[in-house]
Amino acid sequence: MSLPPIDAKFDTLNDGATRETGVALKPRHAATLIIVRTDGPQPRLLMGRRNRGHTFMPDKWVFPGGRVDRTDYDAPSATELDAEVTTRLELEPRHPKPARLARALALAAVRETFEETGLLLARPAPERPGAGPWRPFLAQGALPDLEPLSFVARAITPPYRPRRFDARFFMASAESLLSLDRRPDCGELDEIAWVDFQEAMALDLPNITRFVVHEVGQRLAEAGRPAPFMRFLNGKRHLTHL
């Protein structure tokens, strides 16, 4: 697959607001899901544009995702994460119970995708009650399907941002969605689109999203690649692999 050249910088000042004073905030655990369609001449990625009123990366095109909620630690699922994915997520976890965090991250990615796009990475199940943000998901007659998830990348927002996230990026095939039809009254992103790699690179992307788009293209050709881990250490961009 031929991809355009990429600027592999982790973060640039034009990606969003900066914090001028005060102590750097502790990053919150977050998760993102990249859904890939392969039913056309070129693979396509699900992306959405953030509302311009958002403090964090307004008007940027991103993958659906968000921070981990406390209910993600105990939410039910139809399947569990692949053992190899869990093992890699447990590396440098920033959490006293790494396996518990790994599952919560996967569930957060699936839940946030439903909230932002109206699409369910799930298997059919009897409708059941749920707590907090899981109530609308479980009311769809579905349970999250974690088995198709692969671990693509991890990035921690630089310390000079007013909001910081320790984000894990997951990937899954669109074939694992319950349906390609979006549920009504769902979708927090201003605009949703399936875009191929050339189209994605032409969008207004945060730099880390651009980096991950490139990584997804590489991963489709080499599924067993280690996941890049981007962060700032001692004021400099630092890249390792998990």
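Everything in this summary refers to the structure shown in the same document. (Residues numbered from 1 in each chain as written. Predicted model: local features only at pLDDT ≥ 70, side-chain atom pairs only at ≥ 80, totals over all residues. Heavy atoms only, no water.)

## What to know about the overall build of the protein chain
Helix and strand content of the protein chain: five helices and 11 strands. The burial tally for the protein chain puts 51% of its 242 residues in the buried class. Considering only residue pairs separated by 6 or more positions, the protein chain has 70% of its internal contacts joining residues 24 or more positions apart. With an accessible surface of roughly 11,400 Å², the protein chain has 50% of that area assigned to carbon and sulfur atoms. (Helix = DSSP H or I, 4+ residues; strand = E, 2+ residues; numbered from the N terminus. Buried < 20%, exposed > 50% of the residue type's maximum accessible area, 1.4 Å probe, protein only. Contact = heavy atoms within 4.5 Å. Areas by Shrake-Rupley, 256 points an atom, 1.4 Å probe, with all protein chains shown as cover.)

## Some remarks on the side chain of Arg103
Topologically, Arg103 is positioned in helix H2 (residues 98–117). Engagement of the side chain of Arg103 in a polar contact is seen with the backbone oxygen of Ala75, the distance being 3.0 Å. Contact partners of Arg103, with chain neighbours within four places excluded, come to Tyr73, Ala75, Pro76, Ser77, Glu80, Leu81 and Leu146. (Polar contact = N/O pair within 3.5 Å; in protein donor to acceptor, adjacent residues only side chain to side chain.)

## Remarks on the packing of aromatic side chains
According to the stated counting rule, one finds three aromatic pairs in the structure shown. Centroid distance Phe114 to Phe137: 5.4 Å. Interplanar angle 75°. Geometry classified as edge-to-face. Of this pair, Phe114 sits in helix H2 while Phe137 sits in helix H3 (residues 134–138), placing them 23 residues apart in sequence. Exposure remark for Phe114: the relative accessible area of 3% places this residue in the buried category. Residue Phe137 is classed as buried on the basis of its relative accessible area of 0%. Here the aromatic residues Phe114, Trp134 and Phe137 are joined through ring pairs into a cluster of three or more. (Phe/Tyr/Trp six-rings, centres within 6.5 Å; stacked < 30°, edge-to-face > 60°.)

## Remarks on the nonpolar core
By size, the foremost hydrophobic cluster in this structure holds 41 residues, and its most contacted members are Leu33, Leu81, Phe137, Leu149 and Phe170. Mapped onto this core, the elements with two or more residues apiece are strand S1 (28–37), helix H1 (83–89), H2, H3, strand S6 (142–144), strand S7 (150–156) and strand S8 (165–173). Residues within four places of Phe137 in sequence aside, it is in contact with Val110, Arg111, Phe114, Leu120, Leu121, Ala122, Ala142, Leu143 and Pro144. Listed in part, the 26 residues of the second largest apolar core include Ala30, Trp61, Ile208 and Val212. (Core = buried A, V, L, I, M, F, W, Y, C linked by side-chain atoms within 4.5 Å.)

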